[in-house]
Amino acid sequence: MNVLISTTPSCEKHTGRALARKWNSVNWKVVKESVNRLQARIAKAVQEGKWNLVKRLQYLLTHSYHAKLLAVRIITQNRGRKTPGIDGVLWSSATSKMRATLTLSDKLYKASPLRRIYIPKPGKDTKRPISIPTMKDRAMQALYALALQPVAETTADKRSFGFRLFRSAQDASQQIFACLAHPMSAQWILECDIHGCFDNISHEWLKKHIPMDCSILNQFLKAGFVFEGQMFPTETGAPQGGNVSPILANMALDGIEALLASEFPKMKVHFIRYADDIIVTAPSKEIAEEIKLLIQKFLSERGLQLSETKTVITHIDDGFPFLGWNFRKYNGVLLTKPTNQSVQRIVEKIRNFIRKAKAWSQEQLIEVLNPIITGWTNYHKHVVSKDAFARMDFIVWGMLWHWAKRRHGNKGHVWTAQRYWHTEKTRNWVFETDANQLRMFSDVKIKRHPWLRLDANPHLDRDYFLNRMNSLERKESGVQTKLSFFPHIRPQWGL
C-alpha cells in the first residue's frame, strides 16, 4: 500500500500512537528536577559574576530535552491554551504535544506575527492590547524564559513583587505597611505610573542588556502583529501575551531601587514596585519631586516615560490607592482597606452573574458565586476588611432577594424566605440547598500575611520558599501559593 495515499487517520497511525504514549509516560518529577538544577546553576553563576558560564548554561538549558518538554507543558496547561494564534493551531492532544517537543529548535527559527486583540481594562472605558503568539512561538518563549528567569530573579530589585516567583501583591502591601506604619515614618508618597510600559520599551536597550540569544530575542521583538487582517510592524515594546514579556519588562525596570539608595542614603526613601506600578516614600514634598525627576531620567534611557496624569505626590493623611487597597493614616494610625473601586468591581461582577441566572437553579447560582467570593476575600483578608466584608454580605443578600422574588412574583415574603434561606446553627438567613451553601464574606477571618525574606532567591533558597508555601497552604486553605514550576517535593540538588 502506498503510504502517501493512505486513508488511515493520522491519529490512528503507529507514529501518532507512539508519540502519545511517549508524552503520557513522561516522568514530570524528573523533568522539573532537571530543569531546576540547571536554573540553580545559572543563578549561582550570576551571583558570582561568571557571565560566560551563565551563557553556556543557558545554551545547555534551552537545548535540553527536559526543558523543551516543560516548555510545551507550561503553554498547554495555562489559561490561554485554547486561544490560537494567527495560524489557528492548538496543541490539545498528547501526540501534538510530543511532536512539538521533538521539533522545537532554534535552528532557522522565525517568529510568526502575533494576533492582536483589545480587552477592556477593569473598571475603565479604555482597552489595552493583547498580542497572541502561535503555539510554537509561545513554546519558544517559555523555553527561553526558563533560562532567563534565574538571571532576572538574581539581579532583580529586592522590593519588586510583580511577575516574580513566590512573590505576590500581598507581599508588596506588607512592605508598604512596614515603611509607613511607624509614627516617625515618611509622610509623602510618590505614586508613579509608567505610560504604556509594555508597548514602549526600547528594543535597542533590550538587545544590549538582556543576557539571552540576540537572534532569538530579535525574533520575539520584531515579529509584528496582525489586526483586522492588516500587518503592523513592532518597532518598540515587548508584546503583552507572551511568556517572556513580563521578565523583559521587569529586567528593564530593575535598578531604580539601587539608584535611589545611592542618591538618597540614610533617608526615609523606600521603593516598592509591582510590575509597572511604583510607590516611593519621601520625607518631604521637595525630595519627592527630585525622586520623580530621577526616575524619569532612568526610564527615558529605556524608551519609557511617566504618565503625567497618574504620577502624583500625596500626603499619607490623604491616602493613596495601590493594587486595590487604600493606604491612609487616621490620627497617626495607618489602615489598609479595600478601595471603593475594588468593592464596586466585585459588586458589578456578582450583579452581572445574578442577572444571567434568571433561569438558573439555586444550586447553579451558588456554584458560580462561591469561587468569586472566595477569590475576593482571599485577596483582601490580610488588611482591614471586616467592614467591607459585612457590607458585601448586605449587598449580595439584597441582590439575591430580588432574584428570588422575581422568580416567584405571586408568592409572599415568608414563602420566598423559607424556599431559599434556611437556619444553620445560630444563623437564620443562610442561602443554601441540600448539597451546597453560599459562602459569606464575613465568615472569612482577617489574618496578617507572613513576612517575606527580601534577599531570598527562589532558585537558591528553595527550602525557604517551599516551607513558606506549605505554611501558607496550612494556614490559609484555598490560597494560590504555587507561583512557579517548582516541584512540591524537595529533591537532592546536585550543584
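In what follows, the structure referred to is the one given above.
These lines cover the structure that appears in this document, whether it is placed above or below. Since this is a predicted model, take the numbers as computed values, not measurements.

1. Things to note about the sheet that holds strand β8 (residues 312-315)
Part 1: On the basis of which strands lie adjacent, the open sheet formed by four strands has the order β6-β7-β3-β8 and antiparallel pairing. Each end of this open sheet is capped by a strand with a single partner; those strands are β6 (271-274) and β8. On average, each strand axis in the sheet is tilted by 20° relative to the strand beside it, whichever way the strands run.
Part 2: Across four bridges, strand β3 (residues 188-193) lies against β8 in antiparallel orientation. Within β8, the position partnered with Glu191 by the bridge is Val312.
Part 3: Helix α7 (residues 169-180) rests against β3, β6 and β7 (277-282) of the sheet, and its axis sits at about 165° to β6.

2. Re the pattern of salt bridges
Part 1: Per the counting criterion, the structure on display carries 13 salt bridges.
Part 2: A salt bridge links Arg468 to Asp171, with the shortest nitrogen-to-oxygen separation between them at 2.9 Å. Placement of the pair is Arg468 in helix α18 (residues 462-475) and Asp171 in helix α7, with a sequence separation of 297 residues.
Part 3: With relative accessibility at 3%, the residue Asp171 sits in the buried group.
Part 4: In this structure, Arg427 engages Asp443 in a salt bridge whose closest nitrogen and oxygen atoms are separated by 2.9 Å. Of the two residues, Arg427 is situated in strand β13 (residues 427-431) and Asp443 in the loop between β13 and α18; the sequence distance between them amounts to 16 residues.
Part 5: Of the residues examined, Arg427 reaches a relative accessible area of 29% and is grouped as partly exposed.
Part 6: Residue classification places Asp443 among the partly exposed residues on the basis of a relative accessible area of 42%.

3. Side note on the environment of Phe327
Part 1: Along the chain, Phe327 turns up in strand β10 (residues 325-330).
Part 2: The exposure class assigned to Phe327 is buried, which follows from its relative accessible area of 0%.
Part 3: Separated by 61 residues in the primary sequence, Phe327 and Lys266 place their C-alpha atoms 24 Å from one another.
Part 4: In contact with Phe327, other than residues within four places in its own chain, are Ser173, Ile176, Ile316, Gly319, Phe320, Phe322, Leu334, Leu335 and Thr336.

4. So, the packing of helix α16 (residues 386-407) against helix α17 (residues 413-420)
Part 1: Their axes nearest at 10 Å, the elements α16 and α17 cross at an angle of 110°. Taken together, α16 and α17 sit at an angle that is classed as roughly perpendicular. Here the hand of the crossing between α16 and α17 comes out right-handed. Contacts between α16 and α17 pair Trp401, Trp403, Ala404, Lys405 and Arg407 from the former with His413, Thr416, Ala417 and Tyr420 from the latter.
Part 2: Broken down by class, the residue content of the contact of α16 with α17 amounts to five nonpolar, two polar and two charged.

5. Side note on the nonpolar core
Part 1: Core analysis: the biggest nonpolar cluster contains 82 residues, and Ile210, Leu248, Leu260, Val280, Ile291 and Ile295 have the highest contact counts within it.
Part 2: Look past the residues within four positions of Ile291 in its chain and what remains in contact with it is Leu190, Leu260, Phe264, Val269, Val280, Thr281 and Ala282.
Part 3: Formed by 26 residues, the second largest nonpolar core is a distinct cluster that contains Val343, Val347, Ile366 and Leu438.

6. Things to note about the sheet that holds strand β9 (residues 320-322)
Within a sheet, neighbouring strands are paired by backbone hydrogen bonds and run either parallel or antiparallel to one another.
Part 1: Pairing within the open sheet is antiparallel, and its three strands lie in the order β9-β10-β11. If you trace the sheet from one side to the other, it starts and ends with β9 and β11 (333-338), each paired once. Strand after strand, the sheet turns through a mean of 30° between neighbouring axes, direction not considered.

7. A short note on the packing of aromatic side chains
Two aromatic rings are characterised by how far apart their centres lie and by the angle between their planes.
Part 1: For the coordinates displayed, the defined rule picks out 23 aromatic pairs.
Part 2: Aromatic side chains Trp325 and Tyr379 sit 4.7 Å apart centroid to centroid with 10° between the ring planes, which places their arrangement in the stacked category. A residue pair is termed long-range when its members are at least 10 positions apart, and Trp325 in strand β10 and Tyr379 in helix α15 (residues 362-380) qualify at 54 residues.
Part 3: What makes Tyr379 partly exposed here is its relative accessible area of 28%.
Part 4: Each residue in the set Trp397, Trp401, Trp403, Tyr420, Trp421, Trp429 and Phe431 is aromatic and connected to the rest through ring pairs, giving one cluster.
Part 5: Above the plane of the ring of Tyr330 lies Lys337, whose end atom (NZ or CZ) is 4.9 Å from the centre.
Part 6: Lying over the aromatic face of Tyr420, Arg419 brings its terminal NZ or CZ to 4.7 Å of the ring centre.

8. A short note on the pairing of β10
Side chains on a regular strand alternate between the two faces of the sheet.
Part 1: On β10, burial follows the alternation: Trp325, Phe327 and Lys329 on one face are buried, whereas Asn326, Arg328 and Tyr330 on the facing-out side are not.
Part 2: With three bridges connecting them, β9 and β10 associate as antiparallel partners. Residue pairing in the sheet places Phe322 in a bridge with Trp325 of β10.
Part 3: Counting the residues that bridge the hairpin from β9 to β10 gives two residues, and of these Leu323 lies at a positive phi of roughly 60°.
Part 4: Strand direction decides the pairing type here: β10 and β11, joined by six bridges, are antiparallel. Along β11, the bridge assignment pairs Phe327 with Thr336.
Part 5: Here β10 folds back onto β11 in antiparallel fashion, the turn holding two residues, of which Asn331 has a positive phi close to 55°.

The rules we used
Residues numbered from 1 in each chain as written. Predicted model: local features only at pLDDT ≥ 70, side-chain atom pairs only at ≥ 80, totals over all residues. Heavy atoms only, no water. Pairing = 2+ DSSP bridges. Helix = DSSP H or I, 4+ residues; strand = E, 2+ residues; numbered from the N terminus. Axes fitted to C-alpha atoms, helices over the stretch in contact; angles between N-to-C directions. Contact = heavy atoms within 4.5 Å. Salt bridge = Lys/Arg side-chain N within 4 Å of Asp/Glu carboxyl O. Buried < 20%, exposed > 50% of the residue type's maximum accessible area, 1.4 Å probe, protein only. Parallel < 35°, antiparallel > 145°, perpendicular 65-115°, else oblique. Left-handed = near helix turned anticlockwise from the far one by under 90°. Nonpolar A, V, L, I, M, F, W, Y, C, P; charged D, E, K, R; others polar. Core = buried A, V, L, I, M, F, W, Y, C linked by side-chain atoms within 4.5 Å. Phe/Tyr/Trp six-rings, centres within 6.5 Å; stacked < 30°, edge-to-face > 60°. Lys NZ or Arg CZ within 6 Å of the ring centre and 35° of its normal.

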